[in-house]
Every structure is written in C-alpha cells, then in structure tokens.
Amino acid sequence: MERRETRSVNQSSLKPAPCADGPFKGYYKLDRINSVALRDREAVFRNLSQLVNEDNLRQAFRGLDGSKAVGIDQVTKAQYAKELQANIDKLAGELRRGGWRPRPSRQVHIPKPSGGTRPLAIGCLEDKIVQSLVAKILEAIYEPRFHRESYGFRTGRSQHQALGSVYSEINKRGKYTVVVEMDIEKFFNNIDHDKIMDFIKERISDQAFLRLVRRMLRNSILSEDGEIIDNSTGAPQGSPVSPMLSNIYLHHVLDEWFDKNYIGRAQMVRYADDAVFVFDDLKLAEKFKSALAERFAEYGLRLNEEKSGVVELGPKSRNVINFVGFALYWGKAGLVKTCLRIKTASERLRRAIDKFTEWIKEVRNQFPLKELWKRAAAKLRGHYNYYAVSFNGKAIGRFYFYCIKAMFKWLNRRSQKISFTWEAFVRKLMFNPLPKPPLGFELTDVKSKFGSKLNHKPKSRMRKSRPSGSERSSGRQRPLFT
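As a starting point, this report considers the structure included with it. (Residues numbered from 1 in each chain as written. Predicted model: local features only at pLDDT ≥ 70, side-chain atom pairs only at ≥ 80, totals over all residues. Heavy atoms only, no water.)

1. Focus on a positive patch on the surface
Turning to step 1, where the next piece is worked out: There is a patch of like positive charges on the surface, built from Lys 361, Lys 405, Lys 409 and Arg 413.
Turning to step 2, where the next piece is worked out: By secondary structure assignment, the location of Lys 405 is in helix H13 (residues 393-411).
Turning to step 3, where the next piece is worked out: Exposure remark for Lys 405: the relative accessible area of 48% places this residue in the partly exposed category. (Patch = residues over 30% accessible without salt bridge, like charges linked within 9 Å, V, L, I, M, F, W, Y side chains within 5 Å. Areas by Shrake-Rupley, 256 points an atom, 1.4 Å probe, with all protein chains shown as cover. Salt bridge = Lys/Arg side-chain N within 4 Å of Asp/Glu carboxyl O. Lys, Arg positive; Asp, Glu negative; His and termini not counted. Charge placed at Lys NZ, Arg CZ, Asp CG, Glu CD. Helix = DSSP H or I, 4+ residues; strand = E, 2+ residues; numbered from the N terminus. Buried < 20%, exposed > 50% of the residue type's maximum accessible area, 1.4 Å probe, protein only.)

2. Notes on the side chain of Ser 239
Turning to step 1, where the next piece is worked out: Inspection of the secondary structure puts Ser 239 in the loop between strand S5 (228-229) and helix H9 (242-262).
Turning to step 2, where the next piece is worked out: Other than its neighbours up to four places away in sequence, Ser 239 contacts Ala 121 and Gln 131. (Contact = heavy atoms within 4.5 Å.)

3. A look at the sheet that holds strand S7 (residues 274-279)
Turning to step 1, where the next piece is worked out: One open sheet holds the four strands; their spatial order is S6-S7-S3-S8, and the pairing between them is antiparallel. The open sheet has two edge strands with one neighbour each: strand S6 (267-271) and strand S8 (309-312). Strand-to-strand twist in this sheet, taken as the mean axis angle between neighbours without regard to direction, amounts to 20°.
Turning to step 2, where the next piece is worked out: Two elements, strand S3 (residues 178-183) and S8, share four bridges in a ladder whose sense is antiparallel. Counted as the bridge partner of Val 180 is Val 310 from S8.
Turning to step 3, where the next piece is worked out: Helix H6 (residues 159-173) contacts S3, S6 and S7 of the sheet and is inclined by roughly 160° relative to S6.
Turning to step 4, where the next piece is worked out: Packing of H9 onto the sheet brings it into contact with S3, S6 and S7, and relative to S6 it is tilted by some 170°. (Pairing = 2+ DSSP bridges. Axes fitted to C-alpha atoms, helices over the stretch in contact; angles between N-to-C directions.)

4. A short note on the pattern of salt bridges
Turning to step 1, where the next piece is worked out: The tally for this structure, following the rule as stated, stands at 16 salt bridges.
Turning to step 2, where the next piece is worked out: The partner of Arg 96 in a salt bridge is Glu 54, and the shortest N-O contact between them spans 3.0 Å. Of this pair, Arg 96 sits in helix H4 (residues 84-97) while Glu 54 sits in helix H2 (residues 54-62), placing them 42 residues apart in sequence.
Turning to step 3, where the next piece is worked out: For Arg 96, a relative accessible area of 57% gives the class exposed.
Turning to step 4, where the next piece is worked out: The partly exposed category is assigned to Glu 54, whose relative accessible area is 22%.
Turning to step 5, where the next piece is worked out: The partner of Lys 289 in a salt bridge is Glu 305, and the shortest N-O contact between them spans 3.3 Å. Taken together, the residues span a long stretch of sequence, with Lys 289 in helix H10 (residues 282-298) and Glu 305 in the loop between H10 and S8 at a distance of 16 residues.
Turning to step 6, where the next piece is worked out: Salt bridges sharing common partners tie together Glu 347, Arg 350, Arg 351 and Asp 354.

Printed below as a string of structure tokens:
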C-alpha cells in the first residue's frame, strides 16, 4: 500500500482577514461582531476575550495619536514602537493570564469653554492601547443599538449634524415650540460602576472581558499634588474607553426611557451629556423636566440647574437656546422675513477672542514673524471649521476682526521700537493674507438634520482665465482695512 506524504499547513493562512473598510478597518473579527449586532438587537456575546489578541492590540496601537501627553511611565508612541513586537507580545501575555492591571492615570486640569476647569486622566501608553481596543469591541456591539438622535462620540456623526437636527425640529414646530435644555452636573464623575456593569452584562457574558472593563472603571488617579485617588465612581475623562461607556450609560438611563414614555409627543437630540428636548406643549415640557430629574436621581445623576430649563421659543419671543457652542433664536433674514437663525454663543465667542489674544501676547517673541503668521492662520482656520455654519457669517467676521486687531497690537510690542504702522500692517495683510471668514455659499449648511454639507458646488479644476499681467501690477487689489 502506497503511503501518502504528510503536508504541513501554515496556521497563519487560516487566520481570518482583517476588516478592510469602515470603522473597524484593520481589526480582526470586529466587523463580524458588528454584523451579528445589526441582525439581532438582543444577541448576547461570549468569548470576547479572544479578540484582545496581538493583532488587534497592534492595530489599536497604530490608531493612537502620538502627539498626546504621556502618562506616569513617560513612554511615547515612538519609543514604544522601537520594540513593538516584543512589547505587544508581552502585553498580550499579561492579558491572557489575567495579570494586567492599569497603572494610575496622571490628572491634569484644562479650562472648560463655559468657564472653570475640567479634570483629565492621562493614562500610560499600554493602558491606552488596551482601552482603545476595548472601546472598539464595545462600539461593534452597541453602535447598532444607540439612539438615532445621539451624536456624541460616534463614528460618522458630528456636532454639526446634532445642530442641524435641532434646527429642523424647532423650525418644523414654529411658534408652538417649547425646548427643555439639559445639562448633567459632573456627569463623567458620577457614573455608577455597578449599574453600568449591569447594563453591559445584558449584552456580554464573557466574565474575563467584564473583569477587564471593571478594572478600567476602577483605575486609580494620581492627582497633581501626588496623591493616589481611588476611583469608586465615574469614568475619568481622557481615557479612550470613557466616551463609549458614557454613551452606554445614557442610552439605558435616558434614551430608552425617553422613547418609551415620550415618543410621538416630543423629540430628543443628544450630544454626549448635553441634550435638548423639543415639545409643542408647555405643560408637558414642565412635567417632563420634573420626571427627568427624578429619573436621574435613581442613577446617581443630577441636573445642572443653571444650564437646564424650559424655554418657549417662538417667532415672537426673544428667547435663545444654547447647544454645542451655538445659539438658536428667531430673527430677521432680510427686510421683513422672520426665520430661525444660528450664531456663535456669546460666551464661546468672547472666550475664543480672549484665548487668541492671550496666545499672541505670549508667543509674540518666541517665533519669527513668518512662523507666527502660519500659526495664526491655523488658529483662524480651526475656528472657521467649527463655527462657519448657516447664518453665522457675522459672528465669525467679528472673530476675524478682533484677531487681526490683537495681532496688530501685540506684534507692535515685540520691542520698544514700533514694528508696524497701520498702513504697513494692512500692506502685509494684502500680500500675505490670513484666512478670511467664509461667507454666503461657503458656510456649512446645518438647516437640515443631515448637516455638514456645503451650500456651494465644488470649485472647478480648470485654471481661471484672466488677462495677461499680474493682478498685483494691474492695481485691482484693494486693502482689507482702510
């Protein structure tokens, strides 16, 4: 009898290919988890620990931003990459044995747009890798279940889309609009660990994975005074997994409760812990606000009374509501027509101008003029990218004017000698212009819930025809300020 030859099989060829497109690009099996969650909204997932492997950890490492601040280990992304394979293998081994523990996160305080400071927890690089991967696994499971009007910390969704949805709902109701504004006081610091773990256990039965999530929630914090703070409640901001955990918590506490009790009578639009609820009945809106406070009290949350309230917003009212940095109000668009308008919230605009002024004051002697010009242009473009929306041309024009004014003032204080006269400064702006505010059709259209679309058509790639000779020599340029 003829003996057959044995053939070796390359085990790596049996490994499934990573996802090639979409939010889970480069990760193994996460697209399959997401497809199961799409088909069956009540599916319970087991064996998720196998997804915390070398390949997915390496992909999570690639997705980290190398420019972010470092934790207490002082290890940067570039340093970790020098021995990436050995480091990833060691980390994966600790996770398989159950011996991985996150190290204390370094606490820093950053200024809030609304005033005061916000504490951020900056973890070590390896902790960020594991947290990023866990966040991706949770996203694959929960993204199909999240509310359609939830826009915070979700792939493919933005503040502009949330603003467009609010605009559409208010504009549709017209003069019968009543808005309940909601802001949760210190939301991230008051998430109940036991309750959020109960929510997650409804969809996940893998005990090893659940233990991993709980360890992230209980991660201790090293304060700026050098004191170790045990984290018994909350999901510290700055952790890659905190946004996903906060969305899961509010999905169960708020979104499902709202749909069960108020669907068809009102509309909710939520961006993280900032939300508005649009009603057409004042009494119902007031009852809802009281019921909302009671609902939050059951889960350890509390409304910020200064930023929460019931507002009647009709064409004849002068009330304003603030949402994601913008103010919505009824005003004239032309000679007589009244319509719903949008502008930068007054506090946000003032703080943006003050922040630019403080920046140019501090760095005016640190860089050459050419570099200062480039950095100022980047700051202007960053402001326009967010605030250049429908109806807001006047506010971004004011921002541009005050930034130019601050630059002229503080560049003239680089030394005892005056650097620019106003005429010389205008001439420099003419030949080295800073980005001007978008106007008219260049503004981002947020007048519908689809949002984030430009009103204008893309510019043609064809070269613009013009007569011979340069524009500079033809005398057609005009100074920006006279």
